[in-house]
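Summary of the model geometry
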Amino acid sequence: MKTREKKINALLNVILIFLILFAAVSVLQGVRNAIGTVRGSFDFQYDSALLFRLKINPYDESLNPTGISEKMGLFDYYDKVETNQFPSLLAILVPLTYLNPFAANIAWVIINLISTVIIIVLSRQLFFKKINKKAFAVLVCCMLAGTGWRNNIGNGQHTIFSFAFFLIALWLSGISGTKKRKAVISGIALALSYFKYTLTVPLALYFIYKKRYKELVVSVLIHLIATPVCAW
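Okay, so let's go over this structure. Computed from a prediction, not measured in an experiment: that's the story for all the values here. Numbering of residues starts from 1 in each chain and follows the order in which that chain's sequence is written. With the structure being a predicted model, the display of local features is reserved for residues of pLDDT at least 70 and the display and counting of side-chain atom pairs for 80 or more, all residues being used for whole-chain, interface and lining totals. Note: side-chain values were computed over all heavy atoms of the structure, leaving out hydrogens and water.

With that out of the way, let us pick up the nonpolar core. Residues Phe44, Leu190 and Phe207 are the most contacted members of the largest nonpolar core, which totals 46 residues. To qualify as a helix, a DSSP run of H or I must reach at least 4 residues; to qualify as a strand, a run of E must reach at least 2; elements of each kind are numbered from the N terminus. Elements represented by at least two residues in this core include exactly α1 (2-35), α2 (46-53), α6 (87-90), α7 (101-126), α8 (133-145), α9 (147-154), α10 (159-172) and α11 (183-193). Considering every element that reaches this core, the biggest residue donor is α10, with nine residues. To form a nonpolar core, buried Ala, Val, Leu, Ile, Met, Phe, Trp, Tyr and Cys residues must be joined to one another through side-chain atoms within 4.5 Å. Whether a residue is buried, partly exposed or exposed follows from its accessible area with a 1.4 Å probe, protein chains only, as a fraction of its type maximum: under 20%, in between, or over 50%, in that order.

Right, here's the structure in full:
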């Protein structure tokens, strides 16, 4: 039995070494795609958020382009304006619009990398506590080496950011028993996670399953109040 365990352990070590190398290359390529190529981070929606801050309706610009994107030099980075976020979610990006597009892309990559670390740490605490450390490391490397993660980073998408805040909301809700329940703060984190609503709104049903209704109410109320204010 011990011999078998040693063989499995040795195999995991070999697999892990190769996966670490693949993951490192993938991370570097993802970052390069985001900030070192023409129209990297094109899904970032910096252009939409900037128009929003300047009180120019980004939804009108998406449907009936006036050419303002080209005049502002945004087209060179993000192509045509395609606003598909609710106003209350688009407002999340406003602080980054005080940077120029290239600097904002770098900042967004850093945020996505930090969000990735949060996903790894909280996934371990919430779902993979009992799994072998090396086996978990293999799973992490598979994620980082995968095309899905790399494209999210390179295209400047919002999935990684949103899923990180969803896990923060779960952690703060006390569902896993790893932390005392903080319903209001958890609800705020859940509201931020709706940035990629096609992913996190269906996942939010888990809060109903776990009878964490207060968190859901807080998250929905935030957007019910913020949406008309931001739209105005």
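All right, on to the packing of α7 against α8 then. The convention used is that axes are lines fitted to C-alpha atoms, helices contributing only their stretch in contact, and that angles between N-to-C directions extend from 0 to 180 degrees. In contact at an axis separation of 12 Å, α7 and α8 are set at 150 degrees when each is read in the N-to-C sense. Here α7 lies roughly antiparallel to α8, going by the angle between them. Considering only the axes of α7 and α8, their crossing is right-handed. Counting all contacts with α7, which are made through Thr116, Ile120 and Arg124, the residues of α8 involved are Lys133, Phe136, Val140, Met143 and Leu144. Considered class by class, the residues forming the contact of α7 with α8 number five nonpolar, one polar and two charged. Geometric relationships in this document are graded by angle, where less than 35 degrees denotes roughly parallel, more than 145 denotes roughly antiparallel, 65 to 115 denotes roughly perpendicular, and other angles denote oblique. Helix crossings fall into two classes, left-handed where the near helix is turned counterclockwise from the far one by less than a right angle and right-handed where it is turned clockwise. Every residue pair with non-hydrogen atoms within 4.5 Å of one another is taken to be in contact. Amino acids outside the nonpolar list (Ala, Val, Leu, Ile, Met, Phe, Trp, Tyr, Cys, Pro) and the charged list (Asp, Glu, Lys, Arg) are all regarded as polar, and Gly is one of them.

To continue, consider the packing of aromatic side chains. Aromatic ring pairs are reported here in terms of the distance separating the ring centres and the angle at which the planes meet. The pairing test for Phe, Tyr and Trp rings, Trp by its six-membered ring, is centres within 6.5 Å, and the orientation test on the planes gives stacked under 30 degrees, edge-to-face over 60, and tilted for anything in between. Per the stated rule, a full pass over the model turns up 14 aromatic pairs. Ring centres of phenylalanine 44 and tyrosine 78 lie 6.4 Å apart, and the angle between their planes is 65 degrees; on these two criteria the pair is classed as edge-to-face. With phenylalanine 44 in the loop between α1 and α2 and tyrosine 78 in helix α5 (residues 75-78), this pair connects stretches of sequence that are 34 residues apart. With relative accessibility at 2%, the residue tyrosine 78 sits in the buried group. Joined through ring pairs, the aromatic side chains of Phe44, Tyr46, Tyr77, Tyr78, Trp108, Phe161, Phe165 and Phe195 make up one cluster. Distance and angle both matter: a charge sits over a ring if NZ of Lys or CZ of Arg is within 6 Å of the ring centre and within 35 degrees of the ring normal. Over the aromatic face of tyrosine 98 sits the side chain of arginine 53, whose NZ or CZ is 4.1 Å from the ring centroid. Against the face of phenylalanine 136 rests arginine 124, its NZ or CZ located 5.1 Å from the ring centre.

Quick look at unusual backbone geometry now. Residue glutamine 45 is not a glycine yet carries a positive backbone phi of 70 degrees. With respect to the helices, strands and loops of the structure, glutamine 45 is situated in the loop between α1 and α2. The backbone of aspartate 79 shows a phi angle near 65 degrees, a positive value even though the residue is not glycine. Looking at the secondary structure, you find aspartate 79 in the loop between α5 and α6.

Here the focus is the environment of isoleucine 118. One can find isoleucine 118 in helix α7. Distance from isoleucine 118 to phenylalanine 161, taken between C-alpha atoms, is 9.4 Å for residues 43 residues apart in sequence.

On the secondary structure map, valine 121 appears in helix α7. On the accessibility criterion, valine 121 (42% relative accessible area) is partly exposed. On a C-alpha basis, the gap between valine 121 and valine 109 in space is 19 Å, while along the polypeptide they are 12 residues apart.

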